[in-house]
Every structure is written in C-alpha cells, then in structure tokens.
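So the chains spell out like this:
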Amino acid sequence: TMLPAVNDIASNQATPTEAVGAAKDRLLEYCARFPNNELVLHACDMILHSQSDCSFLSKSKGRSVAGGVFYCGDRDEPTKINGPINTISSIIPVVVASVGEGEYSSVFLIAREGAMLRNILEDLGYPQPATHILCDNKCAVGIANDTVTQKRTKSIDMQFHWLRDRVRQNQFIVSWRKGCNNLADFFTKALPAHVHQSLMPFLVYTPPSPNTRFQKNHSNHSSWR
C-alpha cells in the first residue's frame, strides 16, 4: 500500500524540495499508523489474473504512471480479488501522446511482468490458461485485440506491440472493465484518504490496534467482483 508514495518520492529525489520532505514525513507517519498490515491469500485454482491502469501526464516533464496488480484466483472469476502476489507502480519509460497510448503502454508493462509470473506458476505445477488483463480504456483494449482501425497510432512505441503478438498467441486476454472497479487505479496516483482506506481491505488485512481508527470491512468485497 506504500508503493505509489514511494514511487512518487523516488521520482523527485534528484531535485528535492520542501514538498518532497513533507511527503516523506507523511509516508513515515503512515507507516507508524499501520505497522502490522498483513497479506492474506485465499485458497484458489492458482490461475493468474491482473488489472491495469494509467495516470496520464501526472508527473513532471510530461511523464505518465503505469499501475497494476496481480493475484491468483479461480479459472472463471478474473474479477474476484485475492491477496496480491505482485504490484506495479512505475513511470512509463517514454512520453505518451494520449490517454489511450498511456493505457496501452501500461497493459504492455503488465503483460511483460505477467509473462514471467505465468512461467513461475507453470514451473510450480499450475498450468495457465490465457491470463486476463482488465483495463478501463476501450481504445487500449481495441489496439491490444486488433479490433479498432489504427489511423493515428503510428507514433506508438513499437515495443508496446509485443502485447498484440502475445494476445494472438492466446497468452493474454485483454478486456474492458469499468474504471471505478479497477483496483490498479490504487497504484497510479495519490488518492484521497477515504478512497485509499476503502481500497486497503482488498490489498491487506489491518489488525485492529490503538494506533489506528481504520476499520476493516469485508462486506464490500462483493462489489469488486
């Protein structure tokens, strides 16, 4: 849950300001408030699923942030959240020209990481069907699946089209999901405190302690299915 904040501070540490120092202090205060977060993994079919998101032009110098979350679940339930086995929050290595290109590049980064996780799971004895990548941008989904006419996409970095090749090989299924249900949004930008805390139960279990007023709520898990 600290990954987006750490990524933001790291991206600005070369030219630190008082704002960077304040962000560092706030992160340390967060660590003190939630010292015992625990990762909980539930029994499942060990099928890899993932979600992807992009925060367009949210960093200095026209940079964007890619975010993603990986979790193992059941074969036919890619939207059922389990404890994450990997998360991504990183600056996209090129300056993207549109929201669609940013989302497409984020899906590429998720797929690249997912290819490694698929190999690990298969080596552990869990054969993998095509891995679902849920994205909230229909343009990016269309480019990945070759279902949109590409008239103004020649400027897209060629490395991102590696994704389309893996989709054709049936290693990945890229599909659309409504943005408000996309957990990867957590890893792309700073969220308001109440939104951050509402999403924490999907990522970690926070034991009750005198140092926090945060209340764990299991009842809302069904809304993210």
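Trainee: Got a minute to help me understand the side chain of Thr131 in this structure?
Mentor: One can find Thr131 in strand S4 (residues 131-135). On the basis of relative accessible area, Thr131 is assigned to the buried category, the value being 1%. A polar atom in the side chain of Thr131 sits 2.9 Å from the side chain of Arg118. Contacts of Thr131, omitting those with residues within four sequence positions, involve Leu48, His49, Ser50, Arg118, Gln171, Phe172 and Ile173.

Trainee: Could you clarify how one ought to interpret the sheet that holds S4 in this entry?
Mentor: Strand pairing in a sheet takes place through backbone hydrogen bonds and is either antiparallel or parallel in direction. On the basis of which strands lie adjacent, the open sheet formed by five strands has the order S3-S2-S1-S4-S5 and mixed pairing. At either end of the open sheet lies a strand with only one pairing partner, and these are strand S3 (84-91) and strand S5 (172-176). Strand after strand, the sheet turns through a mean of 20° between neighbouring axes, direction not considered. Bridge count between S4 and S5: five bridges; the pairing is parallel. Each residue of the ladder has a partner; that of Cys135, found in S5, is Trp176. Relative to the sheet, helix H1 (residues 3-12) contacts strand S1 (47-59), strand S2 (63-73) and S3, its axis offset from that of S3 by approximately 25°. Sitting on the sheet, helix H4 (residues 138-145) is in contact with S4 and S5, with an inclination near 150° to S5.

Trainee: Looking at this structure, how should I read the environment of Gly68?
Mentor: Tracing the sequence through the fold places Gly68 in strand S2. Sequence-wise, Gly68 and Phe186 are 118 residues apart; in three dimensions their C-alpha atoms are separated by 8.5 Å. If we skip the residues at most four places from it in the chain, Gly68 touches Gln51, Ser52, Asn86, Thr87, Ile88, Ile110, Ala184 and Phe187.

Rules and cut-offs
Residues numbered from 1 in each chain as written. Predicted model: local features only at pLDDT ≥ 70, side-chain atom pairs only at ≥ 80, totals over all residues. Heavy atoms only, no water. Helix = DSSP H or I, 4+ residues; strand = E, 2+ residues; numbered from the N terminus. Buried < 20%, exposed > 50% of the residue type's maximum accessible area, 1.4 Å probe, protein only. Polar contact = N/O pair within 3.5 Å; in protein donor to acceptor, adjacent residues only side chain to side chain. Contact = heavy atoms within 4.5 Å. Pairing = 2+ DSSP bridges. Axes fitted to C-alpha atoms, helices over the stretch in contact; angles between N-to-C directions.

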